[in-house]
Amino acid sequence: MINYVKSALRLSLSSLFLSVFAMPHLAAAEDTAPQRITSVGSSITEIIYALGEEDRLVAVDTTSLYPPEAQKLPNVGYMRALSAEGLLSVEPDLVLMVEGSGPENTLDVLKASSVPIIPIPEEHSLDGVKAKIEKVAAALSVEDKGKKLIAAFDKDAEALAKITAAMPAKPSVMFVLSVGSDRLMVSGLNTGANAAIELAGGRNAMDTYDGYKQVTVEAVVEAQPDIILLSKRLQTDKPEEKLAAIPGIELTPAGQNEAFVTMDAVYLLGFGPRAASAIKDLSVKLSELAS
Amino acid sequence: MSLSATASSMDKSVCTLGASPARSYAIPVLAGVLLSVIVVSIAIGPSSVSFNALFQGIMNAFGAGEPMSMRDHVVLFDIRLPRTIMGCMIGASLAVSGAMMQGLFRNPLADPGIVGVSSGAAFAAVSVIVLGSMLPASIAALTGSFLLPLSAFGGGLISTLLLYKVSTRGGETSVATMLLAGIALSAITGAFTGLIVFQSDDNQLRDFTFWSMGSLGAATWGRIASIAPFVLALLISIPFLSRGLNALLLGEAEAFHLGFDRQKLKRWIILVVAAATGAAVSAAGAIGFVGIVVPHILRLVLGPDHRLLLPASAMLGASLLVGADVACRIIVAPAELPIGILMAMIGAPVFLSILLSKRSLFTF
């Protein structure tokens, strides 16, 4: 009796399973390339879209903000606080994640369930981005599309090199992530912003510490930046107005000349396929303000 | 004045403890609730595991049944089962710790989270997370996975002892001093935690942010094993401490006259509470309010007798945390809501309602 119920249950469930899932799974079996990809990391998501392979993407993480369509996909959470079961529930046949994603025990569980994971090194350089594109394209078995994307990227990189070569001197640039009422979140060394400034032909005005730290206006004045680079999340944000209103900013060369540059944070700091173009844009603005 | 009033009202309720129906049904009903929550927690999650697979999984666990898919096996045995067990352990620890603290301080608002014990444990845990790599390899190898729960235990123990010393004078524990001392203690440990966080890099910072919101997501069999001794110590102590806690409700002098060694009793309570709270904090981060909500509800229904209150708290605490964890897994699936957020949403209003109903306790 129990056996009968058991087998009937199994039969009905398996036929249900077959009718719902059989088609895509059969297609996947024919083609060895992964068809259900989960992307963890904004630059990886951007690369997959730039390769035109977004149809194979089934889920992204919370850092994947561009392109906006990506935000409509199921979201597996923050890259360092991934839930193992959540990741498994979207049934990926490949997880591409930037190095440093975790936590460790989630990765262990994924490995135990034999979901292939490819870690993608996160490096804040133009060569690093090209290596990323190459790796992602190879994982998706679309090497040709990857080469085209890299060629387009190289074009922007060449344009960038021309601009930086023509710049007379390296302006000192301070990157302000967020503007508070009297404190600023400013990038030190070893950040994406620091790399972007250096690649764009500037030098970081705040070179006394690593990473991001909250600093007072006094420290900003002490650093004497020629240009202050700001980031915005929304099109409507106007951080330069907030910054100009803070007393003391006018004591810096940037404040005196109103040399403020505002760029979209995801565009500038994404270090994805748009990195060369974003840094080129920054470089154009830096050389305008520096001359 | 107000204290003696509560003492006498508690005294009365202790004396009028009879075999009411709620009391006699409590344990079986709570056991039933816990069992069903456990089943739900194993059966439900963002991944759909069919009932057939679930059945096979149970058969597999007993060495029978058919082989199941790798993914289903991992989801059931490496994710949901350890998570459910750890949720039970931590929920029970927090609720019983809360009930014991409330008995010790004779105050319904005493909770390891609010009076600063958790923040002491958190400080120790964060120190280990950030500074752990600086330890000599020999010590790290010696303590292994026990390092985090051990140091959280130490942090919890020190802050509990400190709190007790500060708020007790001449054998009488002042409620107001206790709460204020708890705030001060939280502020001090919070400052030191902040100091360490300030020194940490971006990744450690983000980890800490999520850790401070609490999660059962880090449940592994290894972690369960590392906190099990501390949780077991608390649960085993229940029958030995509940009579003493009942006597303490009447007052310390009364407990002494009833033949209890007060100092020994208090030391044991502090020890087991610090152990369990430390272990819970180390494994799941900061999860508040379980220790207040659960004993409070149970006291309303069952009365203050610790012989019943403590085991009932263990069961309801486990049920509440595991149930909340199921919700956290589903609400924003496939991502996960930190459980500390949900518990604060449930717990803070209950905390406020206690505050309002016992307002007279806080006029000083």
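Residues numbered from 1 in each chain as written. Chains lettered and ligands numbered in written order. Predicted model: local features only at pLDDT ≥ 70, side-chain atom pairs only at ≥ 80, totals over all residues.

**Things to note about the interface of chain B and chain A**
A common way to report how large an interface is uses the accessible area buried once the components associate. Quick note on the threshold: Contact definition: two residues whose C-beta atoms, as placed from backbone geometry, lie within 7 Å. Charged residues are taken to be Asp, Glu, Lys and Arg, nonpolar residues to be Ala, Val, Leu, Ile, Met, Phe, Trp, Tyr, Cys and Pro, and polar residues to be all remaining types, Gly included.
With 25 residues of chain B at the interface, the matching set in chain A holds 27 residues. Taken together, the residues of the side of chain B that touches chain A break down into 10 nonpolar, seven polar and eight charged.

**Topic: the nonpolar core**
This is how it is decided: Nonpolar cores are built from buried Ala, Val, Leu, Ile, Met, Phe, Trp, Tyr and Cys residues. These are joined into a set through C-beta atoms within 7 Å. Partly exposed residues are those whose C-beta has more than 12 but fewer than 20 other C-beta atoms within 10 Å; 20 or more makes a residue buried and 12 or fewer makes it exposed, with C-beta atoms placed from the backbone. Secondary structure follows DSSP: runs of H or I at least 4 residues long count as helices, runs of E at least 2 residues long count as strands, and numbering of each begins at the N terminus.
Residues B:Ala95, B:Val96, B:Met100, B:Ala125, B:Ala276, B:Ala279 and B:Val290 are the most contacted members of the largest nonpolar core, which totals 94 residues. Per element, the largest residue contribution to this core is 14 residues, and it comes from helix α4 (residues 70-105) of chain B. For B:Val96, the residues in contact, after removing those within four places along its chain, are B:Leu234, B:Ile238, B:Leu310, B:Ser313, B:Ala314 and B:Gly317. Counting 83 residues, the second largest nonpolar core, distinct from the first, contains A:Ile120, A:Ile197, A:Ile249 and B:Ala53.

**A few points about the pairing of strand β5 (residues 172-179) of chain A**
Residue and element names in this part refer to chain A. Under the convention used in this document: Whether two strands pair comes down to DSSP finding at least two bridges between them.
Judged by how many residues are buried, β5 sits mostly within the fold: six of eight residues are covered. Across two bridges, β5 lies against strand β7 (residues 203-204) in parallel orientation. Looking at the pairing, Ser172 lines up with Arg203 of β7. Two strands pair when backbone bridges link them, and β5 and strand β9 (residues 227-232) are joined in this way by four bridges, in the parallel orientation. Its bridge partner lying in β9, Phe175 is registered against Leu229. Sheet topology places β5 next to strand β6 (residues 183-187); three bridges connect them, and they run antiparallel.

**A word on the environment of B:Ile38**
Relative to the helices and strands, B:Ile38 is located in helix α2 (residues 21-43). Once residues lying within four places of it in the same chain are set aside, the contact partners of B:Ile38 are B:Thr84 and B:Val322.

**Structural notes on α2(B)**
Residue and element names in this part refer to chain B. Rule in force here: To estimate how far a helix should reach, multiply one less than its number of residues by 1.5 Å.
The first and last C-alpha atoms of α2 sit 32 Å apart over 23 residues, in line with the 33 Å expected at 1.5 Å per residue. When α2 is considered as a whole, its buried residues turn out to be Ala26, Leu30, Leu34, Val37, Ser41 and Ile42. Close packing links the buried residues of α2 with α4, α13 (290-302) and α14 (306-331).

**Thoughts on the confidence of the model for chain B**
All names here are of chain B. Where we set the bar: pLDDT expresses how confident the predictor is about each individual residue, on a scale running from 0 to 100.
Looking at chain B as a whole, the pLDDT averages 81, with 85% of positions reaching at least 70. Across chain B, the element-wise mean pLDDT spans from 44 in helix α1 (residues 2-15) up to 94 in α14. Here the complex is predicted with pTM 0.79, and the ipTM for its interfaces comes to 0.71.

**Re the pairing of β9(A)**
Residues and elements named next belong to chain A. With five of six residues buried, β9 is to be regarded as a mostly interior element. Inspection of the sheet shows β9 paired to strand β10 (residues 260-264) by five bridges, in the parallel sense. The partner of Leu229 across the bridge, within β10, is Val261.

**What to know about the sheet that holds strand β4 (residues 117-120) of chain A**
Residues and elements named next belong to chain A. Short version of the rule: What counts as an axis is a line fitted to C-alpha atoms, over the stretch in contact for a helix, and the angles between N-to-C directions run from 0 to 180 degrees.
Taken together, four strands build an open sheet; the order of strands is β2-β1-β3-β4 and the sheet is parallel. Looking at which strands have only one partner, the edges of the open sheet turn out to be β2 (57-60) and β4. Each strand axis lies, on average, 20° off the axis of its neighbour in the sheet, ignoring direction. Of the pairings in the sheet, the one linking strand β1 (residues 37-40) to β2 comprises three bridges and is parallel in character. Looking at β2, one finds that Ile37 is bridged to Leu57.

**A short note on the domain arrangement of chain A**
Residues and elements named next belong to chain A. For the record, the criterion: Either an automatic procedure or a domain database provided the assignment from which the domain bounds are taken.
Domain boundaries assigned for chain A yield domain 1 (2-150) and domain 2 (168-290). With 13 residues of domain 1 in contact, the opposing surface of domain 2 contributes 11 residues. At the level of elements, α2 (42-50) and α5 (126-139) are the ones that each hand at least two residues to the side of domain 1 that touches domain 2. No other element matches the five residues that α2 contributes to the side of domain 1 that touches domain 2. Counted by class, the side of domain 1 that touches domain 2 contains eight nonpolar, four polar and one charged residues.

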